[in-house]
Amino acid sequence: MRRRILGLAIAVVTVAGAAGCGSSSAGTSGSSSSGGGKTTQVKVGIIPIVDVAPLYLGQKKGFFSSRGIDLKMESAQGGAAIIPGVVSGQFQFGFSNTTSLMIAQTKGVPVTSVVNGAATNGKVGADVTGVAVKKDSPVKSAKDLVGKTVAVNTLQNIGDTTVREAVRKDGGDPSKVKFVEMAFDQMPAALDGGQVDAAWMGEPALTIAKSQGARVVASPFAETDPKLTVATYFTSTQLTKENPDLVKKFAEAMTESLTYASAHPDEARQILTTYTKIDGAVLKNLTLPSWPAQYDMASLEKLAALGEKDGLFSDKKPDLNALFS
């Protein structure tokens, strides 16, 4: 379903791309920044998960405002939904998993990654995402997911791609795993209620599920690559041409935010309370991702190869050097 939505969005952009993207660079407000220049309002499409904590932390610390950027965050279910919003000009920047960006590029969608977003912490059994099952489930490891129904936030994407790889590495047949689409925040209840056999969850949903007795049986990101670049912040190629200074300032502020969050994990954890409904016990126990300032290109090449194996790129292979320049 999400892939069809992306296809429809591409069709609209093809017809009215210039008009739609034109608004991307027209975000200057009348207020003045501390340096005497204009403050530019920038809308960022995000997923309300732990991975985007550095963005909110950087906003709080003034890394964006000091560069004349007034951030406004808007939530969506996944990267596949955010991409059309960026291309149409609804958002100036977006947060997306890297597989969504690869799929978009192979379909001719004019997007480019501008700065890193999040990576696996590389810890199998204690990563920022995991496949969880109920306490009394017969599923003990990834290969036992064969024949089972697994929830992911968006279909034909980084979630099911890496879950398939975990199943494959554990000796199972990944083609026999059934995936269903569901928002992260709905997964703990769906798993507890037996609507799905397993759920691939990000934080804080994963910790919430574990507090209800769920067990983690696979860590797809870490098992795919211990340095996997999971998500990045991106923009439209038109904005990079029309307002390269804004793109540069956003990337600089985001890089500073990633570095700060990596050095201050307790502050990154606490900032979650500003954009998620999370209680103290969950906040204390949830797992943080890694926030490196740079992409890991080898891991992106591996992810692209898996996407090709899964048939995600029907038109052509993604040009990683162009996409993650």
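Owing to the predicted nature of the structure, the values given are computational and were not obtained by experimental measurement. (Residues numbered from 1 in each chain as written. Predicted model: local features only at pLDDT ≥ 70, side-chain atom pairs only at ≥ 80, totals over all residues. Heavy atoms only, no water.)

Draft legend 1. Fine view of the overall build of the protein. Across its full length, the protein holds 14 helices and 11 strands. In the protein, which comprises 325 residues, the proportion classed as buried is 55%. In the protein, 80% of the contacts between residues at least 6 apart in sequence involve partners at least 24 apart. Entry remark: accessible area of the protein is about 13100 Å², with carbon and sulfur atoms responsible for 50%. (Helix = DSSP H or I, 4+ residues; strand = E, 2+ residues; numbered from the N terminus. Buried < 20%, exposed > 50% of the residue type's maximum accessible area, 1.4 Å probe, protein only. Contact = heavy atoms within 4.5 Å. Areas by Shrake-Rupley, 256 points an atom, 1.4 Å probe, with all protein chains shown as cover.)

Draft legend 2. Quick look at the packing of aromatic side chains. Enumeration over the complete set of coordinates arrives at 9 aromatic pairs. Centroid distance Tyr56 to Tyr275: 4.0 Å. Interplanar angle 10 degrees. Geometry classified as stacked. Residue Tyr56 is located in helix α2 (residues 53-61), and its partner Tyr275 is located in the loop between α11 (265-271) and α12 (280-285); the two are separated by 219 residues in the primary sequence. With respect to class, Tyr56 is no different from Tyr275; both count as buried. Measuring from centroid to centroid gives 5.6 Å for Phe184 and Trp200, while their planes differ by 55 degrees, and the two rings are tilted. You can see Phe184 sitting in the loop between β8 (178-181) and α6 (187-192) and its partner Trp200 sitting in strand β9 (residues 198-202), a full 16 residues away along the chain. (Phe/Tyr/Trp six-rings, centres within 6.5 Å; stacked < 30°, edge-to-face > 60°.)

Draft legend 3. Spatial organisation of the pattern of salt bridges. Per the stated rule, a full pass over the model turns up 11 salt bridges. Between Glu256 and Arg67 there is a salt bridge; the shortest N-O distance is 2.9 Å. Of the two residues, Glu256 sits in helix α10 (residues 244-263) while Arg67 sits in the loop between α2 and β3 (69-75), which places them 189 residues apart along the sequence. For Arg67, a relative accessible area of 23% translates into the label partly exposed. In this structure, Arg168 engages Glu165 in a salt bridge whose closest nitrogen and oxygen atoms are separated by 2.6 Å. One end of the pair, Arg168, and the other, Glu165, are both in helix α5 (residues 158-169), 3 residues apart, so they sit about a helical turn from each other. With a relative accessible area of 26%, Arg168 lands in the partly exposed category. Within the structure, one salt-bridge network assembled from shared partners comprises Asp160, Arg164, Glu165, Arg168 and Asp310. (Salt bridge = Lys/Arg side-chain N within 4 Å of Asp/Glu carboxyl O.)

Draft legend 4. Inspection of the sheet that holds β9 at higher detail. Taken in spatial order, the 5 strands make up an open sheet running β8-β7-β9-β6-β10, and their pairing is mixed. Each edge of the sheet is formed by a strand with only one pairing partner; in this case those strands are β8 and β10 (215-218). On average, adjacent strands in this sheet sit at an angle of 35 degrees to one another, irrespective of strand direction. Sheet analysis places strand β6 (residues 129-133) next to β9, joined by 4 bridges and oriented antiparallel. (Pairing = 2+ DSSP bridges. Axes fitted to C-alpha atoms, helices over the stretch in contact; angles between N-to-C directions.)

Draft legend 5. Region of the structure containing the packing of α5 against helix α13 (residues 297-309). Two elements in contact, α5 and α13, have axes separated by 10 Å at closest approach and are oriented at 90 degrees. Taken together, the axes of α5 and α13 are roughly perpendicular relative to one another. Where α5 approaches α13, its residues Ile158, Thr161, Thr162, Glu165 and Arg168 are matched on the opposing element by Leu303, Leu306, Gly307 and Lys309. The residue makeup of the contact of α5 with α13, split by class, is 3 nonpolar, 3 polar and 3 charged. (Parallel < 35°, antiparallel > 145°, perpendicular 65-115°, else oblique. Nonpolar A, V, L, I, M, F, W, Y, C, P; charged D, E, K, R; others polar.)

Draft legend 6. Focus on the confidence of the model for the protein. In this model, the protein carries an average pLDDT of 88, and 88% of its residues clear a pLDDT of 70 or more. In the model, residues 1-36 has pLDDT below 50 throughout and makes 58 contacts with residues more than four positions away in sequence or in other chains. (pLDDT = per-residue confidence, 0-100.)

Draft legend 7. How the structure looks around α13. Along its 13 residues, α13 runs 18 Å from first to last C-alpha, staying within 8% of the 18 Å computed at 1.5 Å per residue. Taken residue by residue, α13 has Ser299, Leu300, Leu303, Ala304, Leu306 and Gly307 as its buried positions. Down the axis, α13 shows its buried residues gathered within 160 degrees of arc, on one side only. Considering only its buried residues, α13 is in contact with α4 (98-106), α5, α8 (220-224), β11 (229-236) and α14 (320-323). One or two residues past the end of α13 sits Gly311, with phi positive at roughly 80 degrees. (Expected span 1.5 Å × (residues − 1). Arc of directions from axis to C-beta.)

Draft legend 8. Structural view of unusual backbone geometry. Between Glu203 and the following residue, Pro204, the backbone shows a cis peptide bond with an omega angle of 10 degrees. Looking at the element boundaries, Pro204 is found in the loop between β9 and α7 (205-211). If you check the backbone angles, Gln156 has positive phi at about 50 degrees while not being a glycine. Structurally, Gln156 can be placed in the loop between β7 (149-152) and α5.

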